[in-house]
Amino acid sequence: MAALNTIITPSWLKERYLFGIDLTDDTGTAFPDSLFQISIDAAIDTLSAEFGIELGGLVTYTERKDIRDRDGDSYFLLQLNHRPIREVTKLEAQYGSFPSVEIPLSWVQIGSEKGGQIQILAGPENLGAYIFTGGLPFVGLGGLYGRPITPLYFKVTYKAGFDGSTYSYPTVFQDAVGLMASMLPLDTAGDLIAGAGIASKSVSFDGLSTSLNTTSSATNSGYGARVLSYQKRLKEIMKNVRRDWRVPQIAII
């Protein structure tokens, strides 16, 4: 149940995306791991929020879902909040203050793991044993006709995400996080490439002189070229992730 930030560590980032970069300050002190860690955590949060993907391991969630009287026609297509869905562990129905009724898991069909969609199709179990236990009406099969919406009727408990083994993190996610997380260390190292606030140095002694000029300036860090290269690559990667993982947003008015 490994979270992505246990795989992408400061050492992982330095080895793969910051190789050849001087990651020390003016005195030769190495940048603290906290600088890299906050960049990694922020990149993971950004990717997760952008696409609604669970990157914190294989996590269990419970959600309540409204239904409309016409939803039975589509076999109660439910859009869950966290993706990708791996397993539905419990499905219940509850109307108002009635006791909840557990619905057989054999009725649950995962329509799309990536899309976070499930549907409810009655199985071979006796309908009456489940639909009306405790006096709870099952919308669409015998009860709440004429009601346009029933709030918080279904309660779904499910697992979503990756565990790093059975459900491995796609390489493209790791690449995207690595590129995003590299930006802050590269900017910091570029500003300190010749010393804080210094773009050039010159030394003269008894007729001998030496000078050092960098690409650093008031508006450009020393590793600006690599930053631009990483940004261009990241843009293409995010385009691919968006194509594969974005859930279409459709509004019907």
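Residues numbered from 1 in each chain as written. Predicted model: local features only at pLDDT ≥ 70, side-chain atom pairs only at ≥ 80, totals over all residues. Heavy atoms only, no water.

**Q** Any chance you could break down helix α1 (residues 10-17) for me, citing the residues and the numbers?
**A** Within α1, burial applies to Pro10, Trp12, Leu13 and Tyr17. All buried residues of α1 lie within an arc of 160 degrees about the axis, which places them on one face of the element. Exposed residues on α1 whose side chains face more than 90 degrees from its buried face are Ser11 and Glu15. Check the buried side of α1 and you find it contacts α2 (33-51), α4 (171-191) and α5 (224-245). (Buried < 20%, exposed > 50% of the residue type's maximum accessible area, 1.4 Å probe, protein only. Helix = DSSP H or I, 4+ residues; strand = E, 2+ residues; numbered from the N terminus. Arc of directions from axis to C-beta. Contact = heavy atoms within 4.5 Å.)

**Q** Outline the environment of Ile237, supporting the account with residue identities and numerical values.
**A** By secondary structure assignment, the location of Ile237 is in helix α5. C-alpha of Ile237 to C-alpha of Phe173: the two residues are 64 residues apart in sequence and 8.7 Å apart in space. Setting aside residues no more than four positions away along its own chain, Ile237 makes contact with Val172, Asp175, Ala176 and Leu179.

**Q** Help me get a handle on the sheet that holds strand β2 (residues 78-79), residues and values and all.
**A** Spatial strand order, β2-β6-β5: 3 strands in an open sheet with antiparallel pairing. One side of each edge strand has no neighbouring strand; the edge strands of this open sheet are β2 and β5 (108-112). (Pairing = 2+ DSSP bridges.)

**Q** Break down the sheet that holds strand β3 (residues 85-93) for me, with residues and values.
**A** If you trace the 4 strands from one edge of the open sheet to the other, you get β1-β7-β3-β4, paired in antiparallel fashion. With partners counted over all chains shown, the strands left at the sheet margins are β1 (58-68) and β4 (101-102), one partner each. The sheet contact formed by β1 and strand β7 (residues 149-161) spans 10 bridges and is antiparallel. Along β7, the bridge assignment pairs Val59 with Ala160.

**Q** Explain the packing of aromatic side chains residue by residue, including any values.
**A** Counted under the stated rule, the structure contains 10 aromatic pairs. Judged by centre distance (6.0 Å) and plane angle (35 degrees), the rings of Tyr61 and Tyr158 are tilted. Residue Tyr61 is found in strand β1, and its partner Tyr158 is found in strand β7; the two are separated by 97 residues along the sequence. For the pair Tyr61 and Tyr158, a shared accessibility class is recorded, and that class is buried. (Phe/Tyr/Trp six-rings, centres within 6.5 Å; stacked < 30°, edge-to-face > 60°.)

**Q** Tell me about α4, and please be specific about residues and values.
**A** The terminal C-alpha atoms of α4, which comprises 21 residues, lie 31 Å apart, in line with the 30 Å expected from a rise of 1.5 Å per residue. The sharpest bend along α4 measures roughly 30 degrees and falls at Met183, with the proline Pro185 sitting one to four residues further on. (Expected span 1.5 Å × (residues − 1). Bend = angle between axes of the 7 residues up to and from the residue.)

**Q** Which residues make up the nonpolar core, and what values go with them?
**A** Counting residues in each nonpolar core, the largest one holds 37 residues, and the members touching the most others are Leu13, Leu47, Leu55 and Phe173. Of all the elements in the fold, those that place two or more residues in this core are α1, α2, α4 and α5. With 9 residues, α4 is the largest single contributor of residues to this core. Ranked by size, the runner-up nonpolar core spans 19 residues in total, among them Leu80, Ile85, Ile103 and Val156. (Core = buried A, V, L, I, M, F, W, Y, C linked by side-chain atoms within 4.5 Å.)

**Q** Can you break down the pattern of salt bridges residue by residue, with the values?
**A** Tallied over the entire structure, the rule returns 9 salt bridges. Across the pair Asp33 and Lys14 runs a salt bridge, and its minimum N-O distance is 3.2 Å. In this pair, Asp33 sits in helix α2 while Lys14 sits in helix α1, placing the two residues 19 residues apart along the sequence. Among the ionic pairs, Lys239 bridges to Glu236, the shortest N-O distance being 3.4 Å. (Salt bridge = Lys/Arg side-chain N within 4 Å of Asp/Glu carboxyl O.)

So yeah, pure geometry; function would need other evidence.
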